[in-house]
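# Secondary and tertiary structure notes
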Amino acid sequence: SVHAFTDLGMSGQLLIYLFFFLFLGIFLVAKNWKFFPKEKEEGLWSREFWMFIGAIVLLVSSFQIMFYTSMPVWNKLFSLNKAPAKDVINFYNSWQLPFAFMILMLIGVGQFFKYKDTDMKVFIKKISISLIISLGLAVLIAYSLNFTKPFYAFFLFSGIFAATANADYMVRVLKGNIKKAGASIAHIGFALMMLGVLISTSKKDVISQNTSGKNIESLGEKFSNNDNILLTQGDTLPMGRYFVTYIGKRVKGINIYFDVNYFTKNTDGSYKKEFSLAPLVQTNPRMGNVAEPDTRHFGTFDVYTHVTYADLGNLKDNTTANKDEYTEAKNYSLKKGDTLFSSNAIIIFDSLSTNVDKAKYNLVKNDIAVKAHLRVVDITKKQEATPIFIIHDNIIQPVAARIDDLGLEFIFSKINTQTGKIDISLKEKKSNIRDFIVMQAMIFPYINILWIGCVIMVIGTVLAIIEMVRKLIK
């Protein structure tokens, strides 16, 4: 999806890739059409039939992914207004896990079927050992991993069964002949890959709970303090088993890298740097920006991190800016109790009052003056800012309020009597501004099972190709 929906100058290559396999498939079907069976159908218990069922399952699985990922295309073509799923991961899991379960079970039993037809008594006898072993292992592992969702347990069983049955086939049927075991080895690799996906994803630990003291949820609905952490440049915050520091961002071509250092704490209170990660955001004004994660691999787990929010508008260094200059005002609409953030303080809208010295501002009886009470909290103390909204001679004349030691200026510019909200503009001294990011970090346990499975699957595929070529040459 990243490559299909962003413009990386790869559109031509992608189209060539897609059309090559499309027309190759059409060509091979046309060329071999005369060899397709026309009269006799294969038996229900033949290897051909169950390979066909496996192909159908993969086809339906692919169609579901294609259909829902192409929803923006369908909306445009047919003038629809179908919104994508809010919880994308659970949505696709609910569809794809049953397909994965069926494929793993077919991988487990497929090679025990014979071509044309199979004696079911012999078939059941051959797979019974693998079934019993897999069931016992699945119960033991599901209990140790505390799987509470039944389908996770079924999926775990199917993955173990696929690996065990193919290993059994290699030993008892192929007699350990590695040259002929390419398909079985590839199947074992695929089963391990699926087990790695299941275990690492279901037992992942989100460690990026927000410890900054600033409410991330004010950035929007998709941000939660439970799984996002706000990191201000230079600050070190606890995050799960680590302490993290956001160093800064750097630009390389269309990519913006965000450097984050991970530390552990020594017994004497000092910090020991463990590793650094640099998740990036790929900028694309036409198609939209894309976040790309960075991962640190360990023996039994991976630390995965990606940026969920960053200010990409200012990519220059502010250290040379005039320290007394103020930034452009940022406007906020607040109701009583709402919070907003500056680079160095938390601001809470407490209340409104009309306790204003009209003589001080040369106001007459019919003029309106309302004071907003803003509580400003930094790490050392609490202060109050009281910008004033004034209507004098039917002209709005707001009076700004400043907190000089924090370099903040507030302007109270509007009251909405129906909603009870007020409009506040905030300016900061440029010397105050420190960059920040919002980041998610997760620990995926035992994900190396997935990578080991990938390697084994590739080895098995290569062995199978070599054996097929050898037979054709022979």
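Let us look at the structure shown here.

Parameters at a glance
All chains use their own residue numbering, which begins from 1 and follows the written sequence. Since the coordinates come from a predicted model, pLDDT governs what is reported: local features require at least 70, and pairs of side-chain atoms require 80 or more to be given and counted, while whole-chain, interface and lining totals use all residues. As a convention, hydrogens and water are excluded, and side-chain values are obtained from all of the structure's heavy atoms. What counts as a helix is a DSSP run of H or I of at least four residues, what counts as a strand is a run of E of at least two, and both are numbered from the N terminus. Our radius of gyration looks at C-alpha atoms and nothing else; its globule reference is 2.2 Å times the residue count to the power 0.38. Only protein chains enter the accessibility calculation, which uses a 1.4 Å probe; a residue is then buried when its area is under 20% of its type maximum, exposed when over 50%, and partly exposed in between. Every residue pair with non-hydrogen atoms within 4.5 Å of one another is taken to be in contact. In this description, strands pair whenever DSSP reports at least two bridges between them. Simply put, an axis is a line fit to the C-alpha atoms, just over the touching stretch for a helix, and the angle between two N-to-C directions goes from 0 to 180 degrees. Relative orientations are named as follows: roughly parallel for angles under 35 degrees, roughly antiparallel for angles over 145 degrees, roughly perpendicular for angles from 65 to 115 degrees, and oblique for any other angle. Throughout, a crossing is termed right-handed when the near helix is turned clockwise from the far one, and left-handed when it is turned anticlockwise from it by less than a right angle. We call Asp, Glu, Lys and Arg charged. Ala, Val, Leu, Ile, Met, Phe, Trp, Tyr, Cys and Pro are nonpolar, and the rest, Gly among them, are polar. Candidates for patches are residues over 30% relative accessible area with no salt bridge; among them, like charges are joined within 9 Å and nonpolar side chains (Val, Leu, Ile, Met, Phe, Trp, Tyr) within 5 Å. For the area figures, the Shrake-Rupley method with a 1.4 Å probe applies, and any residue is considered shielded solely by the protein chains shown. Whenever a carboxyl oxygen of Asp or Glu lies within 4 Å of a side-chain nitrogen of Lys or Arg, that contact is scored as a salt bridge.

### Let's talk about the overall build of the protein
A count of helices and strands for the protein gives eight helices and 21 strands. Its C-alpha atoms give the protein a radius of gyration of 31 Å, more than 25% over the compact-globule value 23 Å for 474 residues. Principal-axis analysis of the C-alpha atoms gives the protein an extent of 105 × 60 × 40 Å. Within the protein, the fraction of its 474 residues that count as buried is 36%. When contacts within the protein are restricted to residue pairs at least 6 apart in sequence, long-range pairs at least 24 apart make up 58% of them.

### Things to note about the pairing of strand β2 (residues 229-232)
Neither face of β2 is exposed, since Ile229 and Leu231 on one face and Leu230 and Thr232 on the opposite face are all buried. Of the pairings in the sheet, the one linking β2 to strand β21 (residues 436-445) comprises four bridges and is antiparallel in character. Across the sheet, Ile229 pairs through a bridge with Met439, a residue of β21.

### Concerning the sheet that holds strand β20 (residues 421-428)
Spatially, the four strands line up as an open sheet ordered β11-β20-β19-β18, and their pairing is antiparallel. The open sheet has two free edges, formed respectively by β11 (330-334) and β18 (401-403), since each of these has just one partner strand. Averaged over all adjacent pairs, the angle separating strand axes in this sheet is 25°, with direction ignored. Bridge analysis of strand β19 (residues 408-416) against β20 gives eight bridges, and the strand direction is antiparallel. Among the inter-strand pairings, Asn416 is bridged to a residue of β20, identified as Lys421.

### Thoughts on the packing of helix α4 (residues 88-110) against helix α6 (residues 150-173)
Where α4 contacts α6, the axes come no closer than 8 Å and their chain directions differ by 25°. Regarding the angle of α4 to α6, the classification is roughly parallel. For the pair α4 and α6, the sense of crossing is left-handed. Only Phe151, Tyr152, Phe154, Phe155, Phe157, Ser158, Gly159, Phe161, Ala162, Ala165 and Asn166 of α6 make contact with α4, whose side of the interface consists of Leu97, Pro98, Ala100, Phe101, Leu104, Met105, Ile107, Gly108 and Val109. Here the residues of the contact of α4 with α6 sort into 16 nonpolar, four polar and no charged.

### Some thoughts on the packing of α4 against helix α7 (residues 182-202)
Pairs of packed helices are described in terms of their axes, by the angle between the two and the distance that separates them. The interhelical angle for the contact between α4 and α7, taken along N-to-C directions, is 150°, at an axis separation of 11 Å. As the angle between them shows, α4 and α7 are arranged roughly antiparallel. α4 and α7 meet at a crossing whose hand is left-handed. Across the interface between the two elements, Ile103, Leu104 and Ile107 from α4 touch His187, Phe190, Ala191 and Met194 from α7. Here the contact of α4 with α7 is composed, by residue class, of six nonpolar, one polar and no charged.

### A look at the pairing of β21
When a strand is regular, its side chains alternate between the sheet's two faces. Burial of β21 is extensive: nine of the 10 residues sit out of reach of the surface. Bridge count for strand β1 (residues 205-206) against β21 is two bridges, and the pairing is antiparallel. Each residue of the ladder has a partner; that of Asp205, found in β21, is Ile443.

### A word on a nonpolar patch on the surface
The grouping of Leu15, Tyr17, Leu18, Phe19, Phe20, Phe21, Leu22, Phe23, Leu24, Ile26, Phe27 and Leu28 at the surface amounts to a nonpolar patch, some 1,200 Å² of accessible area in total. Summarising the element assignment, Leu28 is placed in helix α1 (residues 11-31). Looking at Leu28, the relative accessible area reads 40%, which means it is partly exposed.

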